[in-house]
Amino acid sequence: MSILDETMVMNDGYEIPKLGLGTWMIDDEVVAQAVRDAVSIGYRHIDTAEGYGNERGVGEGVRTCGVPREELFVTTKLQADFKTYDEAKAAIGESLDLLDIGWIDLMIIHSPQPWAHFHDEDRYFAGNLEAWRALEEAHEAGLIRSIGVSNFEPADLRNILDHGTVRPVVDQVLAHVGNTPFETIDFCREHGILVEAYSPMGHGEILRNPAVIAMAEKYGVTVPQLCIRYTLQLGAVSLPKTANPDHMRSNAEVDFVISDADMDALKNVERVTDYGDSSAFPVYWSKE
Ligand SMILES: NC(=O)c1ccc[n+]([C@@H]2O[C@H](COP(=O)([O-])OP(=O)(O)OC[C@H]3O[C@@H](n4cnc5c(N)ncnc54)[C@H](OP(=O)(O)O)[C@@H]3O)[C@@H](O)[C@H]2O)c1
């Protein structure tokens, strides 16, 4: 069975395809074609965000790809900056309008902190509960099937678990060879929250790592395939981004098993701290 046919069950009972197509930095004008290409290759899971500015195009791709809506799984994200109930409610409505696909399968709070304060001490607990309440209401109304979070650390998750009424189904986090958030992964496992690995190739940076290149050669696979397989074997959903159909195809050819010893070696690959030109994005800022 291809990874494209495999799913995991979230804590609310809905299934989520294990491999999704990331769409960050795919322009609104071209993303519909990327979605159609991905769906024709067999992808059934598309990951977008209000902040990517491409929800309209993703929605167009979903409506025009030829596969029934109920067979597709679409995630979007509530802007990190919206920490009041009213802002969150309005933004959810805007995502539903822009996507225009009937319902959203999964909507997640993009970050516990507004981007400009990504590594501040303030965890915005009250603001996240406001945003969560708006998501819970839309979920209750059937507009969003599942709700979750992204970039949440254990304390942020604890806040929602203690004070919300719905348990987050996923936490979408930066997770790749050279940067694996073990503490968050363990916390999520203990609390039945699925981890989604974003930037599974380290936003492209890990593709140049000699140790990773050598291990990919040993398995007779490409570095992206090794990196995607690594995140899957962590028990996570993997979200590689590409608009290139050849890459979409090969990224889904991950029908091999990394040995326990090699998983350990990959878990210990030196931490990536330089994401090149992308280091300016808050999600790649070093915490040290
Ligand atoms: N929740 C969050 O805060 C957050 C943050 C970042 C990302 N994300 C999500 O995660 C997705 C993936 O993360 P990402 O875009 O940062 O990085 P990524 O998937 O780790 O890496 C993308 C880079 O890898 C290249 N690539 C992909 N497949 C390849 C292949 N088979 N061979 C060679 N190069 C390949 C892509 O180039 P080509 O396009 O040329 O193939 C692109 O340059 C995003 O699109 C987004 O959906 C979420």
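Residues numbered from 1 in each chain as written. Predicted model: local features only at pLDDT ≥ 70, side-chain atom pairs only at ≥ 80, totals over all residues. Heavy atoms only, no water.

J.: Where do I start with the environment of Gly142 in this structure?
T.: In this fold, Gly142 is placed in the loop between helix 4 (125-140) and strand 7 (144-150). Taking relative accessible area as the criterion, Gly142 reaches 46% and is therefore assigned partly exposed. Between the alpha carbons of Gly142 and Ile104 there is a distance of 9.0 Å; along the sequence they are 38 residues apart. (Helix = DSSP H or I, 4+ residues; strand = E, 2+ residues; numbered from the N terminus. Buried < 20%, exposed > 50% of the residue type's maximum accessible area, 1.4 Å probe, protein only.)

J.: What is the right way to read the packing of aromatic side chains from this model?
T.: How two aromatic rings sit relative to each other is given by the distance of their centres and the angle of their planes. Per the counting criterion, the structure on display carries 6 aromatic pairs. Arranged with centres 4.9 Å apart and planes meeting at 70°, the rings of Trp24 and Phe281 form a pair that is edge-to-face. With a gap of 257 residues between them, Trp24 in the loop between strand 3 (21-22) and helix 1 (28-41) and Phe281 in the segment after helix 10 (260-267) connect regions that are remote in the sequence. On the basis of relative accessibility, which here comes to 31%, the residue Phe281 falls in the partly exposed class. An aromatic cluster is built from Trp24, Tyr52, Tyr275, Phe281 and Tyr284, whose rings are joined through pairwise contacts. Sitting over the face of the ring of Trp103, Arg69 holds its NZ or CZ atom 4.1 Å from the ring centroid. Taking NZ or CZ as reference, Arg133 lies 4.3 Å from the ring centre of Tyr85, over its face. (Phe/Tyr/Trp six-rings, centres within 6.5 Å; stacked < 30°, edge-to-face > 60°. Lys NZ or Arg CZ within 6 Å of the ring centre and 35° of its normal.)

J.: It is not clear to me how the site of the ligand should be interpreted in this structure. Could you clarify?
T.: Surrounding the ligand, one finds 29 residues, the nearest of these being Asp47, Ser199, His203, Thr242 and His247. Measuring from an oxygen atom of the ligand, one finds a side-chain N or O atom of His203 at 2.6 Å. Here an oxygen atom of the ligand sits 3.0 Å away from a polar atom, N or O, in the side chain of Tyr284. In isolation the ligand has 900 Å² of accessible area, and contact with the protein removes 85% of it. With 3 residues, helix 9 (residues 245-251) is the largest single contributor of residues to the shell around the ligand. For the shell around the ligand, the class distribution of residues is 12 nonpolar, 14 polar and 3 charged. (Near = heavy atom within 4 Å. Polar contact = N/O pair within 3.5 Å; in protein donor to acceptor, adjacent residues only side chain to side chain. Areas by Shrake-Rupley, 256 points an atom, 1.4 Å probe, with all protein chains shown as cover. Nonpolar A, V, L, I, M, F, W, Y, C, P; charged D, E, K, R; others polar.)

J.: Please explain the sheet that holds strand 5 (residues 73-78) as it appears in this structure.
T.: As a general point, the strands of a sheet are linked pairwise by backbone hydrogen bonds and lie either parallel or antiparallel. If you walk across this open sheet you meet the 8 strands as 3-4-5-6-7-8-9-10, and the pairing is parallel. One side of each edge strand has no neighbouring strand; the edge strands of this open sheet are strand 3 and strand 10 (237-239). The pairing of strand 3 with strand 4 (residues 45-47) spans 2 bridges and is parallel. Among the inter-strand pairings, Leu21 is bridged to a residue of strand 4, identified as Ile46. (Pairing = 2+ DSSP bridges.)

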